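Below, each chain spelled out in residue letters.
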Amino acid sequence: LTLEKDGVDGTAIYLYGEGWDYAEVERNRVGVNASQLNLGGTGVGSFNDRLREGIMGGSPFGDPRVQGVLTGLYFAPNGFIDQGSESSQRSRVMEDTEKVMAAMAGNLKDYTFTNRWGNDVSGTNAAWEGSNVAYAQAPRETVNYVSAHDNETLFDGITLRSAPHVPVSVRCRLNRVAVAVVALSQGVPFFHAGDEILRSKSLDRDSYNSGDWFNRLDFTGDTHNFGIGLPGREKNGDRYPFIAGLLADTSLRPSKDEILLSTAHMKEVLQIRRSSPLFRLRTTDEVQKRVTFYNTGPDQTPGVIVMGISDDSATTSTPSIDPHFARIVVCVNVTGECVTVSEAKLARDLADAELTLHPLQ
């Protein structure tokens, strides 16, 4: 499409899709399909389910109570299912953290970072050798998300996975942390309608035919859709034994104050993203030179991600692109405790830096 011929600049149109490798086109059975692993280099985006799996835990096809980095694995086990020993959960948290780190760097297959074993690996080998966690060749080919129209909403997914002792205020905060991770990652951020209002479909895993009763959105915050009844039996009946009790617990329904706080938070993180081109790098080379992860290797503190983005032309060998910020540090802490990160590389890189909260915070 051209301006001259069509009145539209086709190069300005962004194309993206799910990119799943399944059904009749699985494994290129009828020719090269538009799956994640085949889209690298095309400029076409695809949904990065690796971030969702790392943050939330499990997959859409397994038990929805399997926990991930954000939802309590190791730090607040829910006890609903057997997730292994304490040491195995600790190991899995660090493994899933690598999925999140890869996503925050744009899920670029050739981006290198230090893994939990202290080895420098490419994104395609994040979490384990040959994982294909990262597959994009440019940040625009990655659509980062933690919830979408399919499966549970973000709030419902957190509710299903949280340990019983975790209060609703903390569950709402986890919702906001998940939103922030998506907003402050390289690549294209994607948010499900209602992430900003703690949207619930009363744990409905597939609300396509559930009507307005379960799909309702109330942007005023006056009402909330958690606990309005059991979702349809066809898609959810096998879960009734463990979701009925949750839906009957009105203490799990967020207050209007929590909803409004989450709405304000969504606006804040989007404004922060917009405030600096460092959050919107365009090439693998730029990301490699500017983005660094700390708290890595075998001595890391599990559950803490520290990402630095530099605009220092002396250290990145790239021209400055941000007139306001020389360096940005994004910290994600899911431990539930205050943590001090001590690392030689971090101390060296920030030796002369004067860091403050973002002006919007």
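A brief report on the enclosed structure follows. Since we're looking at a predicted model, the values are computed, not measured. (Residues numbered from 1 in each chain as written. Predicted model: local features only at pLDDT ≥ 70, side-chain atom pairs only at ≥ 80, totals over all residues. Heavy atoms only, no water.)

Let us now look at the nonpolar core. Within the largest apolar cluster, 47 residues are counted, with the highest numbers of intra-cluster contacts made by Ile 55, Met 104 and Phe 293. Mapped by element, the contributors of at least two residues to this core are helix H3 (49-56), helix H4 (86-104), helix H5 (154-161), helix H6 (168-183), helix H10 (256-274), strand E7 (291-294), strand E8 (304-310) and strand E9 (327-333). Residue contributions to this core peak at seven residues, all from H6. With residues near it in sequence (within four places) discarded, Met 104 still touches Val 181, Ser 185, Gln 186, Phe 293, Ile 305, Met 307, Val 330 and Val 332. Counting residues in each nonpolar core, the second largest holds 14 residues, with Cys 172, Phe 226, Ile 243 and Leu 246 among its members. (Core = buried A, V, L, I, M, F, W, Y, C linked by side-chain atoms within 4.5 Å. Buried < 20%, exposed > 50% of the residue type's maximum accessible area, 1.4 Å probe, protein only. Helix = DSSP H or I, 4+ residues; strand = E, 2+ residues; numbered from the N terminus. Contact = heavy atoms within 4.5 Å.)

Right, let's get into empty space enclosed by the protein. Tallying each qualifying case throughout the model produces two cavities of 30 Å³ or more. Reported here for the largest cavity is a volume of approximately 90 Å³. What lines the largest cavity is Ile 197, Leu 198, Arg 199, Ser 200, Arg 216, Leu 217, Asp 218, Thr 223, His 224, Asn 225 and Ile 259. Taken as a whole, the second largest cavity holds about 50 Å³ of empty space. (1 Å grid on protein atoms, 1.4 Å probe; cavity = no way out; pocket = protein on both sides within 12 Å on 5 of 7 lines; lining within 4 Å. Points joined across faces, edges and corners; volume = space filled by probe spheres on them.)

Of note, Pro 319 is situated in the loop between helix H12 (313-316) and E9. Note on Pro 319: relative accessible area 60%, which makes it exposed. If we ignore the near neighbours within four places in the chain, the residues touching Pro 319 are Arg 290 and Asp 311.

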